[in-house]
Every structure is written in C-alpha cells, then in structure tokens.
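This is what each chain is made of:
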Amino acid sequence: MPSPALKGDEAGVFRIQVIGNSGSGKSRTAAQISEKLQIPVICLDKLWYKPGWIEHHVTEFRNLVREKMDECLEGWVVDGVYSRKLEGLVEQQATDIIWLDPPFLLILGRLLKRSILRVVGVDPPCSPGCHESFSHVFFSRESVIWLALTQRERKDRIFSKMLEKDDRVQRFGGWRKDLGDWLQRLTLVSRVERRLG
C-alpha cells in the first residue's frame, strides 16, 4: 500500500511549507495544494514587502506570519522560506515540508519569463505595489535572477540537511513529472477518515 502523500497531524490537519530556490515553482505548487486540500495559502513575499519594496521590520514580519497561521485553524500552505528572519517559525509548526528542486535550466527559464511578464505588467508583482523594471531584473544584485544564481548552493545545502534529518521533508526534482504524479495523489480527506485510516 503506498504511503500517504502527506503526513498531517493526528486531527487530519495539514500545515504545509513549500520551499525551494526562486523560480522552483513554489507559488504554483502551493496554489495547487491549496485547491486540492481546500486550505489557504500564506505567501511570505506578500507579508514581507510593503508597496514600493519597503520591507517590514523583522519582528513585525514574524508577528504577521504568526497571526496568519493562527487564523487558519483548518490548516495552511506557506509559500516561501525566510528561515533566518522567521527563526524557524513556519518549520516548527509544519506537518509537511515540500522541497522543490528542479534543474537550474528550468529555474532560469521560469525566472526570465516571469520577470519579463512582470516588467511589462502582464503578471502581477510578487507583492502588491512592488513593481519590477528591466534595470532591476537584469542589472541589480537584488534581482531575483542574481539571488537565484548566488544563493542556490547555500540553499541546497540547507535543504539537503533538512531532508536527511527530518522525515516531514519530501524532495521533488526533475522536470515536474514526479511532482505532478504526487499532486494527483492528493485528495480532500476528512478528519474522521484520516483518524479512522
């Protein structure tokens, strides 16, 4: 019999964190999980940035994230990491952690496409009021493309250690086939069914 797609807690509540490099597909995957399990998405980028790319104070950010999670009694999907700023707040409460680790060529292609669509106004910004420009995307060391290039190895080391030590972590690499198969296994399960199962 196949293992369950997600652990959840004893009451059948799912608190899921989706982690990975920029462009790994966190937002899309979180939205798909949310739709299947009918639990809300908490997007960390939208809580961290105020309009105009103004960052919240770290303490205020932690409080915002904690409040959002506490509001979602039926479970949640957190899109993002921010481990240092949140001091493990999300990881400590998560029942499941999904690590998206696709090939870097796929990540780079997604970032280029997404950034261009955001610059021209086709796609929404990562947070309301945080608009991107060509100079920011391609010539700034704060651009998501530059961060993906420079932080990938560090994040991979961190996530690999989590995978080794924490049985809540599931890794999905490749070109999305394994992730797609896993997403198909997700179904809306009532608390009673999980408890009896």
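Just so it is clear, the model here is predicted, and its values are computed rather than measured.

Each value, and the rule that gives it
Residues numbered from 1 in each chain as written. Predicted model: local features only at pLDDT ≥ 70, side-chain atom pairs only at ≥ 80, totals over all residues. Heavy atoms only, no water. Helix = DSSP H or I, 4+ residues; strand = E, 2+ residues; numbered from the N terminus. Rg over C-alpha atoms; globule rule 2.2 N^0.38 Å. Buried < 20%, exposed > 50% of the residue type's maximum accessible area, 1.4 Å probe, protein only. Contact = heavy atoms within 4.5 Å. Areas by Shrake-Rupley, 256 points an atom, 1.4 Å probe, with all protein chains shown as cover. Lys, Arg positive; Asp, Glu negative; His and termini not counted. Charge placed at Lys NZ, Arg CZ, Asp CG, Glu CD. Core = buried A, V, L, I, M, F, W, Y, C linked by side-chain atoms within 4.5 Å.

J.: Explain the overall build of the protein chain to me, please; I cannot follow it from the model alone.
T.: Within the protein chain one finds 10 helices and 7 strands. The C-alpha atoms of the protein chain give a radius of gyration of 17 Å, which matches the 16 Å a tight globule of 197 residues would have. When the backbone C-alpha atoms are referred to their principal axes, the protein chain occupies close to 55 × 35 × 30 Å. By residue count, 44% of the 197 residues in the protein chain fall in the buried class. When contacts within the protein chain are restricted to residue pairs at least 6 apart in sequence, those whose partners lie at least 24 apart make up 75%. Of the roughly 11200 Å² of accessible surface on the protein chain, a fraction of 54% belongs to carbon and sulfur atoms. Positive and negative side-chain charges in the protein chain, numbering 31 and 26 respectively, have mean positions lying 3 Å apart.

J.: Please clarify how the side chain of serine 34 should be interpreted in this entry.
T.: Along the chain, serine 34 turns up in helix α1 (residues 26-37). Each residue touching serine 34, except ones within four places of it in the same chain, is listed here: Ile39, Pro40, Val41 and Val77.

J.: Looking at this structure, I do not really get the nonpolar core. What am I missing?
T.: Most often, soluble globular proteins have nonpolar side chains that are buried together. One finds Phe61, Val65, Met69, Trp76 and Leu86 to be the most contacted residues of the largest nonpolar core, which totals 25 residues. Elements that contribute at least two residues to this core include exactly α2 (44-48), α3 (58-71), β5 (75-79), α5 (89-93), β6 (96-100) and α8 (144-165). Apart from residues lying up to four places away in sequence, leucine 86 is in contact with Leu44, Phe61, Arg62, Val65 and Val81. By size, the runner-up hydrophobic cluster in this structure holds 17 residues, among which are Ile33, Leu37, Val77 and Leu186.

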